[in-house]
Amino acid sequence: MKQIFTGITLALTLALTFTISALAGGWAIITLDELPGEVTAGEPLNIGFTVRQHGVTPLAGLTPTITAQLSGTKEVVRVSGKEEGEPGHYTATLTFPQSGEWTWSINAFITQTMPPLTVVTGSHVASEPFTTPVFAFPAILAGALGLAGVAAGLWFAKKNVRWAIALAAVGLVVGGVGFVSAADQPQVRNEAAVSVESSSSVDQVELGHRLFIAKGCVICHYHSDTYKDREIGVDIGPNLTDFAASPEDLRMWLNDPASVKPQTMMPTLKLKDAEIEALIAFINSD
Ligand code: HEC
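Bear in mind the structure is a predicted one, so any value in this text is a computation, not a measurement.

1. Let's talk about the pairing of strand E3 (residues 44-53)
In step 1: Of all ten residues that make up E3, eight are buried, and the element is covered over most of its length.
In step 2: Here strand E1 (residues 28-32) pairs with E3 via five bridges, running antiparallel. Each bridged residue has a counterpart across the sheet, and for Ala28 the counterpart in E3 is Gln53.
In step 3: Of the strand pairs in this sheet, E3 and strand E8 (residues 89-95) are connected by seven bridges, and their pairing is antiparallel. Within the sheet, the bridge partner assigned to Asn46 lies in E8 and is Thr93.
In step 4: When E3 meets strand E4 (residues 57-58), the two strands line up antiparallel, connected through two bridges. The residue of E4 that forms the bridge with Gln53 is Thr57.
In step 5: Hairpin geometry of E3 and E4 is characterised by an intervening segment of three residues between the two adjacent antiparallel strands and by a positive phi of about 55 degrees at His54.

2. A look at the nonpolar core
In step 1: Ranked by internal contacts, the top residues of the largest apolar core, which has 49 residues, are Ile47, Phe49, Val51, Ile66, Phe96, Trp104 and Ile106.
In step 2: Sorting elements by how many residues they give to this core places helix H8 (residues 273-284) first, with six residues.
In step 3: The contacts of Ile47, once residues within four sequence positions are left out, are Pro36, Ile66, Tyr90, Thr91, Ala92, Leu94, Trp104 and Ile106.

3. What about helix H4 (residues 204-214)?
In step 1: Every buried residue belonging to H4 is among Gly208, His209, Leu211, Phe212, Ile213 and Ala214, and all of these are buried.
In step 2: Looking at the buried side of H4, the elements it contacts are E1, strand E10 (110-120), helix H5 (217-220) and H8.
In step 3: The opening residue of H4 is Asp203, an N-cap whose side-chain oxygen sits 3.0 Å from the backbone nitrogen of Val205.

4. What to know about the side chain of His209
In step 1: Mapping His209 onto the fold places it in helix H4.
In step 2: Residue classification places His209 among the buried residues on the basis of a relative accessible area of 19%.
In step 3: When residues no more than four places from it in sequence are discounted, the contact partners of His209 are Asp225, Thr226, Asp229 and Phe282.

5. Side note on the pairing of strand E9 (residues 100-108)
In step 1: Looking at chain direction, strand E5 (residues 65-70) and E9 are connected through six bridges and run antiparallel. Bridging across to E9, Leu70 finds its partner in Trp102.
In step 2: Two successive antiparallel strands, E9 and E10, enclose a turn made up of one residue, where Phe109 displays a positive phi of approximately 75 degrees.

Cut-offs used in this document
Residues numbered from 1 in each chain as written. Predicted model: local features only at pLDDT ≥ 70, side-chain atom pairs only at ≥ 80, totals over all residues. Heavy atoms only, no water. Buried < 20%, exposed > 50% of the residue type's maximum accessible area, 1.4 Å probe, protein only. Helix = DSSP H or I, 4+ residues; strand = E, 2+ residues; numbered from the N terminus. Pairing = 2+ DSSP bridges. Core = buried A, V, L, I, M, F, W, Y, C linked by side-chain atoms within 4.5 Å. Contact = heavy atoms within 4.5 Å. Polar contact = N/O pair within 3.5 Å; in protein donor to acceptor, adjacent residues only side chain to side chain.

Here it is, written out as structure tokens:
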């Protein structure tokens, strides 16, 4: 009986401690500078991001950790970020040892899961490029014809035909050129084909979906397509699952919410025009 009480007291104390620290610490959003484009195994990937407490105040003095895991394996890459540039801005360099689908998250005051990355195999990591000799048939044919010419010329020469010497000489030249060029054919290099998911092949809606997560919208807004991707959600903004608005209004809003509604709690996230277009496509998709 006494043990049960001790257990309950311990559980209550722990719960209280967590609640207090959550209240004291508040929350933050992490905004990636940009979505990583093509990521190649073995090559460093630089990322930059800003941490804003309560979505607004840049949070300096953190030591962020970035953790990436190759899906379906225990392979993990962990690096720390450092402050760089404006207050609350951090950078980190990640190198993925292997190609595949990597899930990753940034821990800086909060943990924010980022959109998964498809890491491709670099051409230098791929199997050695192979070479295919060019089929040298025309040159070899010329060489053979030339030799035939020489032989014919010599045969006719024995019979004292006047043009025979000329024929033999021409044959010698044609045959020589033919064989020399056959031996000298260039070898064609075939780079091993690499399948690359370039950003252009990702459609706008999918790009907007990833940006919604990577820019931190996901922390303040519930959206049924992205809620599984988040560790925390404060949902101070409206649920955007079924939200739609005219592209013109959304463009103004996303560019600078305060210019539309001065008292808004939604921050200006310094989005690029192309990012805004993709986000609009995602928000207005069904
Ligand atoms: C710090 C929290 C926060 C973040 C981060 C945030 N929003 Fe908001 N958002 C809000 C709040 C709060 C509102 C409600 C507007 C108001 O009344 O201030 C809002 C409103 C909106 C609206 C509705 C505008 C309207 O016309 O009703 C859209 C669309 C929107 N946000 C999209 C986004 C997108 C896309 C991102 C990420 C690029 C984002 N928000 C990031 C807090 C946030």
